[in-house]
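Residue strings, one per chain:
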Amino acid sequence: MGYRFKLIGYPIKHSLSPWIHEQFLKKSNLKGMYSIFEISPEKSFEESVKYLKREETDGFNVTVPYKQAIIPFLDEIDDTARNMGAVNTVVKKNNRWIGYNTDGMGYLRSLENKYPEFVQNKNIRILLIGAGGAARAIYFALNHSGFTAIDIANRTPGSAREISELASSSCKSNILSLGEAEKCIDQYDLIIQTTSVGMKPHVNEAILSLDRLTSDTIVSDIVYQPLQTKFLQQAQDRGAMLHYGHTMLLYQAQYAFEIWTDRQLSINDLDVKLKAVLEGR
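Here the residue index of a chain counts from 1 through its sequence in written order. At least 70 in pLDDT is required for a residue's local features to be given in this predicted model, at least 80 for side-chain atom pairs to be given and counted, and no such filter applies to totals for whole chains, interfaces and linings, which use all residues. For the side-chain quantities, the full set of heavy atoms in the structure was used; hydrogens and water were omitted.

A. Layout of the pattern of salt bridges. Throughout this description, the term salt bridge denotes a Lys or Arg side-chain nitrogen within 4 Å of a carboxyl oxygen of Asp or Glu. For the structure shown, the criterion picks out 11 salt bridges. As a salt-bridge pair, Arg4 and Asp58 come within 3.9 Å of each other at their nearest N and O atoms. Taken together, the positions of Arg4 in strand S1 (residues 3-9) and Asp58 in the loop between helix H2 (45-54) and strand S3 (59-62) put the pair 54 residues apart, joining distant regions of the chain. Partly exposed describes any residue whose relative accessible area lies between the buried limit of under 20% and the exposed limit of over 50%, with all areas from a 1.4 Å probe on protein chains only and scaled to the type maximum. When its relative accessible area of 22% is taken as the criterion, Arg4 is described as partly exposed. In this structure, the salt-bridge partner of Asp79 is Arg82, at a minimum N-O distance of 3.0 Å. With Asp79 and Arg82 both in helix H3 (residues 79-84) and 3 residues apart, this pair spans about one turn of that helix. Going along the chain from the N terminus, every DSSP run of H or I of four or more residues is numbered as a helix, and every run of E of two or more is numbered as a strand.

Here it is in structure tokens:
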């Protein structure tokens, strides 16, 4: 029969996760299947989880809006997921459900793969734009990896301040408005856009202007539909180095697959194949 994996969330009919994990199964020479289990808001989440527990499932991913809601139904969550207050990966071990959050590590892996020498310098100045769940996960991973200067720009300072409370004693974080971030954008080595601004169908929107950007900066956007957001287009026009959102999607899935199977998996050319799928080629 092989492995049985699932994705729960709503809406998820157009999710790329089944395609990604089918590629992983093929590359690993493992038998198995990955299916979606859509839970609409009209359904009882508790009853849906009970049904899921009765099914023979080796693991599942969790996406919006259930990353927090799943936690009370788990037997254990790891430290990262506890700090995030959110779970996106669950593995079944010895009949127990254990929750993880692979978003932050997935982002860090994708960045290290693209710019390995750059991220070895833990003293680079980083600007994180946004203060939602993705920003929290990425901040935690960067901080845990040893980066010491991570500023956060957000429309509401309170949410950004909450994230900065995750900082270790060696990490310093300033909280900025979006306007303040625009004015000092040239001071950063890495800029990470974590909001949904610029996502289809709002492709002509950008969270802030990059007019002051310098060309030796890496600019990253976790939005992957479209691949080339207006934010990244601004960065490209300024001659900056780019980091695309679909690679975070791929590497957080890689980490989840490793948790489920205990197999190390190489991405190789899957980022190129995923790019082609997203572009409809």
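B. Spatial organisation of the packing of aromatic side chains. The aromatic pairing rule takes the rings of Phe, Tyr and Trp, using the six-membered ring of Trp, and pairs them if the centres are within 6.5 Å, calling planes under 30 degrees apart stacked, those over 60 edge-to-face and the rest tilted. Here the structure, examined in full by the defined rule, presents 9 aromatic pairs. When the centroid spacing of 5.7 Å and the interplanar angle of 70° are considered together, the rings of Phe45 and Phe73 count as edge-to-face. Pair noted here: Phe45 is in helix H2 and Phe73 is in the loop between S3 and strand S4 (76-77), with a separation of 28 residues, a long-range link. Taking relative accessible area as the criterion, Phe45 reaches 13% and is therefore assigned buried. Since its relative accessible area comes to 23%, Phe73 is described here as partly exposed. Between Phe60 and Trp97 the ring centres are 5.0 Å apart and the planes differ by 70°, which places this aromatic pair in the edge-to-face class. Within this pair, whereas Phe60 is found in strand S3, its partner Trp97 is found in strand S6 (residues 96-100), the two being separated by 37 residues in sequence. Residue classification places Trp97 among the buried positions, given a relative accessible area of 6%. Three or more aromatic residues joined by ring pairs form one cluster here, namely Tyr3, Phe5, Phe24, Tyr34, Phe257 and Trp260. Charge-over-ring contacts are defined here by two conditions on Lys NZ or Arg CZ: a distance within 6 Å of the ring centre and an angle within 35 degrees of the ring normal. Over the aromatic face of Trp97 sits the side chain of Lys53, whose NZ or CZ is 4.8 Å from the ring centroid.

C. Just the sheet that holds strand S7 (residues 125-129), in detail. Paired strands, in this sense, are two strands between which DSSP finds at least two bridges. Strand order in the open sheet made by the 6 strands is S9-S8-S7-S10-S11-S12, with parallel pairing throughout. Bordering the open sheet on either side are strand S9 (175-176) and strand S12 (241-243), each of which pairs with just one other strand.

D. The pairing of strand S8 (residues 149-153), seen in detail. Most of S8 is tucked away, with 5 of its 5 residues classed as buried. Here S8 shows a buried face lined by Ala149, Asp151 and Ala153 and a second buried face lined by Ile150 and Ile152. Convention used here: a crossover is right-handed provided that the path from the first strand, over the helix, to the second strand proceeds clockwise when the strands point away from the viewer. In this view, the connection linking S7 to its parallel neighbour S8 by way of helix H5 (residues 133-144) has right-handed handedness. In this view, the connection linking S8 to its parallel neighbour S9 by way of helix H6 (residues 157-164) has right-handed handedness.

E. Spotlight on helix H1 (residues 17-27). Those residues of H1 lying buried are Ser17, Pro18, Ile20, His21, Gln23, Phe24 and Leu25. Pairs of residues are marked as contacts when any of their non-hydrogen atoms sit within 4.5 Å. Check the buried side of H1 and you find it contacts S1, strand S2 (32-38), S3, helix H9 (245-261) and helix H10 (270-278). Directly beyond the C-terminal end of H1, a positive phi value near 55° is found at Asn29.

F. Molecular detail of unusual backbone geometry. Note the cis peptide between Lys200 and Pro201, where omega equals 5°. For the bond running from Gln225 to Pro226, omega is 10°, close enough to zero to count as cis. Relative to the elements of secondary structure, Pro226 occurs in the loop between strand S11 (218-221) and helix H8 (230-237). Within the chain, Asn29 stands out as a residue other than glycine whose phi angle is a positive 55°. According to the relative accessible area criterion, Asn29 is exposed, its value standing at 71%. Despite not being glycine, Asn95 has its phi angle at roughly 65°, a positive value. By the secondary structure assignment, Asn95 is in the loop between strand S5 (89-93) and S6.

G. Looking closely at the packing of H1 against H10. Where helices are involved, their axes are fitted lines through C-alpha atoms of the stretch in contact, as for all axes, and angles between N-to-C directions lie from 0 to 180°. Orientation of H1 relative to H10, taken along the N-to-C sense of each, is 150°, at an axis distance of 11 Å. As far as their axial angle goes, H10 and H1 are roughly antiparallel. Judged by the sense of rotation from one axis to the other, the crossing of H1 with H10 is right-handed. Between H1 and H10, the residues in contact are Trp19, Ile20, Gln23, Phe24 and Lys27 and Leu270, Lys273, Leu274 and Val277, respectively. Residues are grouped as follows: Ala, Val, Leu, Ile, Met, Phe, Trp, Tyr, Cys and Pro are nonpolar; Asp, Glu, Lys and Arg are charged; all remaining types, including Gly, are polar. Here the contact of H1 with H10 is composed, by residue class, of 6 nonpolar, 1 polar and 2 charged. Oblique is the label for any angle not under 35 degrees, not over 145, and not in the 65 to 115 range, which are roughly parallel, roughly antiparallel and roughly perpendicular in turn. Crossing handedness is defined as follows: a turn of the near helix away from the far one that is anticlockwise and smaller than a right angle gives a left-handed crossing, while the clockwise case is right-handed.

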